[in-house]
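Architecture at a glance
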Amino acid sequence: MVFKILILDKTMIDIHRYVSMSVFSEYGFEIVGGVSNLTDAISPAAKNKFDLLMIVNREKDMSASETLRALQRKKNDKPVLIISYHESSRDMRDCFLLGALDYLVEPVSDEDIASCLKRASKTISTNIMDKTYSLAVDNAVSKLHINNENSAMYDKLLEFLMRSKGKAVTVEEAADFFGFNPDYFRRMFKKRFGISFTDHYKQLMMDYSRLLLLTGHYKVSEVSEMLGFSSADYFTRVFKKITGQVPSDFRR
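In this report, we go over the structure that sits alongside the text. Since this is a predicted model, take the numbers as computed values, not measurements. (Residues numbered from 1 in each chain as written. Predicted model: local features only at pLDDT ≥ 70, side-chain atom pairs only at ≥ 80, totals over all residues. Heavy atoms only, no water.)

A word on the pattern of salt bridges
Operational definition: Should a side-chain nitrogen of Lys or Arg be within 4 Å of a carboxyl oxygen of Asp or Glu, the pair is scored as a salt bridge. Helical segments are the DSSP runs of H or I of at least four residues, strand segments are the runs of E of at least two, and each set is numbered from the N terminus. Only protein chains enter the area calculation, which uses a 1.4 Å probe; residues under 20% of their type maximum are buried, those over 50% are exposed, and those in between are partly exposed.
Considering all chains together, one arrives at 12 salt bridges under this definition. Where aspartate 94 meets arginine 69, a salt bridge forms, and the shortest distance between an N and an O atom there is 3.9 Å. Pair noted here: aspartate 94 is in helix H6 (residues 89-97) and arginine 69 is in helix H5 (residues 64-73), with a separation of 25 residues, a long-range link. Arginine 69 gets classed as partly exposed once you look at its relative accessible area, which sits at 35%. Arginine 192 serves as the salt-bridge partner of glutamate 149, at 3.7 Å between the closest nitrogen and oxygen. Taken together, the residues span a long stretch of sequence, with glutamate 149 in the loop between helix H7 (110-142) and helix H8 (151-163) and arginine 192 in helix H10 (residues 182-193) at a distance of 43 residues. Through salt bridges that share partners, Arg69, Arg93 and Asp94 make up one connected network.

Following this line, the structure appears as structure tokens:
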């Protein structure tokens, strides 16, 4: 997986030093550029091009927490790393309270950055997976026909699927959640929605994997592992059978 970093540095002095540090690529990050003002950093075009915002604070009279507050007012939803040239325990505390991922004081070492990038990778990936899974669930349940007879079951299905994020589920687990034995659950689900639970769940997982691949962050093997498949080859066969395409087509 590869995540992208945008640097916000008012002076843009020595920005090449960060770009040349190999620790970023070693931990799956790429610095895609730098901007000198907040407006450029949070513009719609810029927000779609980075996953982590790295704020370099060089000025003694301007705290990094002020920049973070301005970002919040602009509805920034990307994780933020602060690198400051001035040590201030108050500013550091305020930045963490405002949700900063980390606050480093220059001079920073590769080890300092590596530790932050490990946490950033986990945070970013979790955010992507959460948003993508929610979208996949919405797409899946929107295809089901809803009427007065099955509306209660529809609501419970939505709850079950959202609770099942991050794990593969079986018909038996779904039946247990609904309070039915598996055979009755299979028949009732098919009768109410015109599709078996197994087929519906497979379609959901394939749509979820498709959306993950479309983010451009994950390899086919990584998505296969995230969805609990025994191998990337098996995942590819199932994906092609359901969608008619191989997973690698969605990464291009």
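A short note on the packing of H8 against H10
Operational definition: What counts as an axis is a line fitted to C-alpha atoms, over the stretch in contact for a helix, and the angles between N-to-C directions run from 0 to 180 degrees. These descriptions rest on fixed angle ranges, namely under 35 degrees for roughly parallel, over 145 for roughly antiparallel, 65 to 115 for roughly perpendicular, and the rest for oblique. Working rule for handedness: look at the near helix, and if it is turned counterclockwise from the far one by less than a right angle, call the crossing left-handed; if clockwise, right-handed. Residue contacts are defined here by distance: any two heavy atoms, one from each residue, within 4.5 Å place the two residues in contact. By the convention adopted, Pro, Cys, Tyr, Trp, Phe, Met, Ile, Leu, Val and Ala count as nonpolar, Lys, Arg, Asp and Glu as charged, and the other residues, Gly among them, as polar.
At a closest axis distance of 11 Å, the pairing of H8 and H10 adopts a crossing angle of 115 degrees. With respect to H10, the axis of H8 lies roughly perpendicular. In terms of crossing hand, the pair formed by H8 and H10 is left-handed. Across from Met153, Tyr154 and Leu157 in H8, the residues of H10 making contact are Phe185, Met188, Phe189, Arg192 and Phe193. Grouping the amino acids of the contact of H8 with H10 by side-chain chemistry returns 7 nonpolar, no polar and 1 charged.

Examining the nonpolar core
Test applied: To define a nonpolar core, start from buried Ala, Val, Leu, Ile, Met, Phe, Trp, Tyr and Cys residues and group those joined through side-chain atoms within 4.5 Å.
Judged by nonpolar contacts, the single largest core of 64 residues is most densely connected at Phe24 and Phe197. Counting residues per element, this core draws most heavily on H7, at 12 residues. Here phenylalanine 24 is in contact with Ile5, Tyr18, Phe29, Ile31, Met54, Ile113 and Leu117, once residues within four sequence places are set aside. Membership of the second largest hydrophobic core comes to 16 residues, among which are Phe50, Ile55, Leu71 and Ile82.

Regarding H10
For clarity, the threshold we go by: A helix is expected to span 1.5 Å for every residue after the first. Taking the helix axis as origin, the arc is that swept by the directions to the C-beta atoms. Within 3.5 Å is the distance limit for a polar contact, defined as a pair of N or O atoms, with the added protein rule that one can donate a hydrogen and the other accept it, and that residues adjacent in sequence qualify only through two side-chain atoms.
Helix length check: H10 (12 residues) gives 16 Å between terminal C-alpha atoms against 16 Å at 1.5 Å per residue, within 8%. Within H10 the residues assigned to the buried category are Phe185, Met188, Phe189 and Phe193. One face of H10 carries all of its buried residues, which in axial projection span an arc of 100 degrees. Residues Arg187 and Lys191 are exposed on H10 and point more than 90 degrees away from its buried face. Buried residues in H10 make contact with H8, helix H9 (171-178) and helix H11 (197-214). One side-chain oxygen of the residue at the start of H10 lies 3.1 Å from the amide nitrogen of aspartate 183, identifying that residue as asparagine 181. Note on H10: the residue one or two positions beyond its end, glycine 194, has a positive phi of about 75 degrees.

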